[in-house]
Amino acid sequence: MYPDEIKKELASIISMVKVKIEIEKGFGIDTVTFTNTKVSDAIHQISPNSFTEIKSTETPVVAKSIGIQAFMNTKETKIKLLEELRHEMLVCHKCPLSKTRTNLVFGVGNSMADLMFIGEAPGRDEDLQGEPFVGRAGQLLTKIIEAIDMKRSDVYIANVLKCRPPGNRNPLPEEIIICIPYLIKQIEIIQPKVLCALGAFAAQALLNTKAPVGTLRGRFHDYKGVPMMVTFHPAYLLRNPNDKAKVWDDMKKVRDFLKNEFT
Ligand code: URA
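Residues numbered from 1 in each chain as written. Predicted model: local features only at pLDDT ≥ 70, side-chain atom pairs only at ≥ 80, totals over all residues. Heavy atoms only, no water.

1. Quick word on the environment of G135
Now for step 1: The residue G135 is located in the loop between helix 5 (124-129) and helix 6 (136-147) in this model.
Now for step 2: Residue classification places G135 among the buried residues on the basis of a relative accessible area of 6%.
Now for step 3: With 10 residues separating them in the primary sequence, G135 and D125 have C-alpha atoms 5.4 Å apart.
Now for step 4: Ignoring anything within four residues of it in the chain, the contact list for G135 reads D125 and E126. (Helix = DSSP H or I, 4+ residues; strand = E, 2+ residues; numbered from the N terminus. Buried < 20%, exposed > 50% of the residue type's maximum accessible area, 1.4 Å probe, protein only. Contact = heavy atoms within 4.5 Å.)

2. Concerning helix 7 (residues 173-190)
Now for step 1: If you check helix 7, its first and last C-alpha atoms are 25 Å apart, about what 18 residues at 1.5 Å a residue would give, namely 26 Å.
Now for step 2: The largest bend in helix 7 amounts to roughly 40° and is located at C179, with the proline P181 lying one to four residues further along.
Now for step 3: Counting buried positions over the 18 residues of helix 7 gives 13, a clear majority of the element.
Now for step 4: Taken from the residues just after helix 7, Q191 is the one with a positive phi, measuring 50°. (Expected span 1.5 Å × (residues − 1). Bend = angle between axes of the 7 residues up to and from the residue.)

3. Focus: the pattern of salt bridges
Now for step 1: One pass over the structure, following the stated rule, counts 11 salt bridges.
Now for step 2: Ionic pairing is found between E84 and K80, a salt bridge with its closest N-O pair at 3.8 Å. Note that E84 and K80 are positioned in helix 3 (residues 68-90) at a spacing of four residues, about one turn of the helix.
Now for step 3: Residue E88 is joined to K185 by a salt bridge in which the shortest nitrogen-to-oxygen separation is 3.6 Å. With E88 in helix 3 and K185 in helix 7, this residue pair connects regions lying 97 residues apart in the sequence.
Now for step 4: By relative accessible area, which is 33% here, E88 ends up partly exposed. (Salt bridge = Lys/Arg side-chain N within 4 Å of Asp/Glu carboxyl O.)

4. Overview of the nonpolar core
Now for step 1: Within the largest apolar cluster, 60 residues are counted, with the highest numbers of intra-cluster contacts made by L115, M116, F117, I118 and L183.
Now for step 2: It is helix 7 that provides the largest number of residues to this core, a total of nine residues.
Now for step 3: Ignoring sequence-local partners within four residues, the contact set of L115 consists of I148, M150, V155, Y156, P192, V194, C196, V254 and L258. (Core = buried A, V, L, I, M, F, W, Y, C linked by side-chain atoms within 4.5 Å.)

5. Digging into the site of the ligand
Now for step 1: Around the ligand sit G119, E120, A121, E126, P132, F133, N159 and H233, and that is every residue in its neighbourhood.
Now for step 2: Measuring from an oxygen atom of the ligand, one finds a backbone N or O atom of E120 at 2.7 Å.
Now for step 3: Take N159: an N or O atom from its side chain is 2.8 Å from a nitrogen atom of the ligand.
Now for step 4: The fraction of the free accessible surface of the ligand (240 Å²) that becomes covered by protein chains is 92%.
Now for step 5: Classifying every residue of the shell around the ligand gives three nonpolar, three polar and two charged. (Near = heavy atom within 4 Å. Polar contact = N/O pair within 3.5 Å; in protein donor to acceptor, adjacent residues only side chain to side chain. Areas by Shrake-Rupley, 256 points an atom, 1.4 Å probe, with all protein chains shown as cover. Nonpolar A, V, L, I, M, F, W, Y, C, P; charged D, E, K, R; others polar.)

Structural measurements only, silent on function.
Next up, the structure:
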């Protein structure tokens, strides 16, 4: 690794540590201790060359009750951190997609979302509007969200890739490796209670597997302690409407999981 790259990685580590401290403060936690965090481990955590799990580097923290003020701080903090990340991505030229895109498609929705959807990559409409899932597949995703009694504005939606692959081709493995650290940071900031991977690319990238979506879907997987449902991508459903019932089954499990969290 070149010195400039090491500097960037270190800056990124420092910003991640700040993220954790700010979020934990926001939840009314006043003691955060970091132990034996080796820089090599920390670099490994955010290295785009790996899909391996981020290990916790903190000792347990003492949680206090969550007051309204803490809630406000947390929301504000998350919005601020997401905005900082978006700015970082606006100047990202780690892969050639940044040259061919019209807009960065960072992500959209509620920074306090309990449910976060992960798609594949922006298509033409998303590239033009700078927002994920706004085309035909997006309209279907909105209906899927509404079917479980939620609004699009309740959830957070992001993609594995933030820039459109030309001609809507599939993401290349190297593009996923380069871009996924940004998605990982988004998940860390939002801290959803449940994730929903839409299609093979999101599921395989986050679970570090090559298993087909047909065998992964329908059950919760563990993504760093967060339950992650895998289901078919809405674009696939547009081509294979007979599989809508399977997605409905998957989404009912998500709905029931969230219902149980709050009862
Ligand atoms: N398909 C995706 O995976 N993401 C989008 O944002 C749009 C279509």
